[in-house]
Amino acid sequence: MQCIPGYLPERTAQTAQTAIFPYIAVRVNEVHDDADDRNESTATVHIIIGTYCTANDDGWLEIVNLLESTRQAMLKQRTIANKFRLRGALDAVIPSEQPRPVWVAVLTATYSIKDIREELTY
């Protein structure tokens with residue numbers, strides 16, 4: 001399993017279609033700065049999980065297993081690098097329409113991130 005920051009590499013004639021599978025792609029989707037007194041910022045992250053399964057009857061099970069093991073690992077270790085803390089629940093979606101033999105799922109997580117402190121000049 002490879003973890004890819006951002007987007008999958010572009011496929012070329014030299015790379016096999018199955019070379020990137022299975023994968024987890026991590027993308028920052030949204031950053032929110034809280035304007036009230038809490039001085040807390042959050043980042044919403046999409047974790048896209050993909051697998052390749054030519055046995056159409058088993059593809060859904062493969063993606064469910066990968067999704068569940070990823071979800072459990074994230075919930076067991078809610079803090080990353082002593083900096084980013086998972087807030088609230090994880091949302092998981094397995095789209096009903098799948099580009100078979102490729103199967104995908106998306107986990108959405110919100111993390112607390114370091115807030116920016118205003119610099120005052122006097």
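Above: the structure in question.
Here is what the cut-offs are and how they apply
- Residues numbered from 1 in each chain as written.
- Predicted model: local features only at pLDDT ≥ 70, side-chain atom pairs only at ≥ 80, totals over all residues.
- Heavy atoms only, no water.
- Pairing = 2+ DSSP bridges.
- Helix = DSSP H or I, 4+ residues; strand = E, 2+ residues; numbered from the N terminus.
- Contact = heavy atoms within 4.5 Å.
- Axes fitted to C-alpha atoms, helices over the stretch in contact; angles between N-to-C directions.
- 1 Å grid on protein atoms, 1.4 Å probe; cavity = no way out; pocket = protein on both sides within 12 Å on 5 of 7 lines; lining within 4 Å.
- Points joined across faces, edges and corners; volume = space filled by probe spheres on them.
- Nonpolar A, V, L, I, M, F, W, Y, C, P; charged D, E, K, R; others polar.

Trainee: Got a minute to help me understand the sheet that holds strand β3 (residues 41-52) in this structure?
Mentor: Backbone hydrogen bonds are what pair the strands of a sheet, in a parallel or an antiparallel way. Reading across the sheet, the six strands line up as β1-β2-β3-β6-β5-β4 and stay open at both edges, with mixed pairing between neighbours. Both outer strands of the open sheet, β1 (2-5) and β4 (79-80), are each paired with one neighbouring strand and no more. Relative to β3, strand β2 (residues 23-33) is paired through 10 bridges, and the arrangement is antiparallel. In the strand pairing of β3, Val 26 is matched with Ile 47. Those strands touched by helix α1 (residues 59-76) are β2, β3, β5 (84-93) and β6 (102-113), and its axis lies near 15° from that of β6.

Trainee: It is not clear to me how the environment of Arg 117 should be interpreted in this structure. Could you clarify?
Mentor: Positionally, Arg 117 belongs in the segment after β6. Between the C-alpha atom of Arg 117 and that of Gln 72, which follows or precedes it by 45 residues, the distance is 34 Å.

Trainee: Sorry, what's going on with the pairing of β6 here?
Mentor: Residues in a regular strand project their side chains so that they alternate between the two faces of the sheet. As defined by bridge partners, β3 adjoins β6 across 12 bridges and the pair is classed as antiparallel. Bridge pairing in β6 places Ala 43 opposite Tyr 111. Alignment of β5 against β6, held across six bridges, turns out to be antiparallel. By the bridge assignment for β6, Leu 86 is matched with Tyr 111.

Trainee: Just checking my understanding: could you explain the layout of surface pockets for this structure?
Mentor: The computed volume of the largest pocket comes to approximately 190 Å³. In terms of lining, the largest pocket is formed by 13 residues, of which the most central are Val 26, Ile 47, Thr 70, Met 74 and Tyr 111. For the lining of the largest pocket, the elements supplying multiple residues, two or more each, are β1, β2, β3 and α1. Looking at the lining of the largest pocket, the element that brings in the most residues is α1, giving three residues. For the lining of the largest pocket, a count of residues per class yields 10 nonpolar, three polar and no charged.

Function cannot be read off these values alone, since they describe shape.
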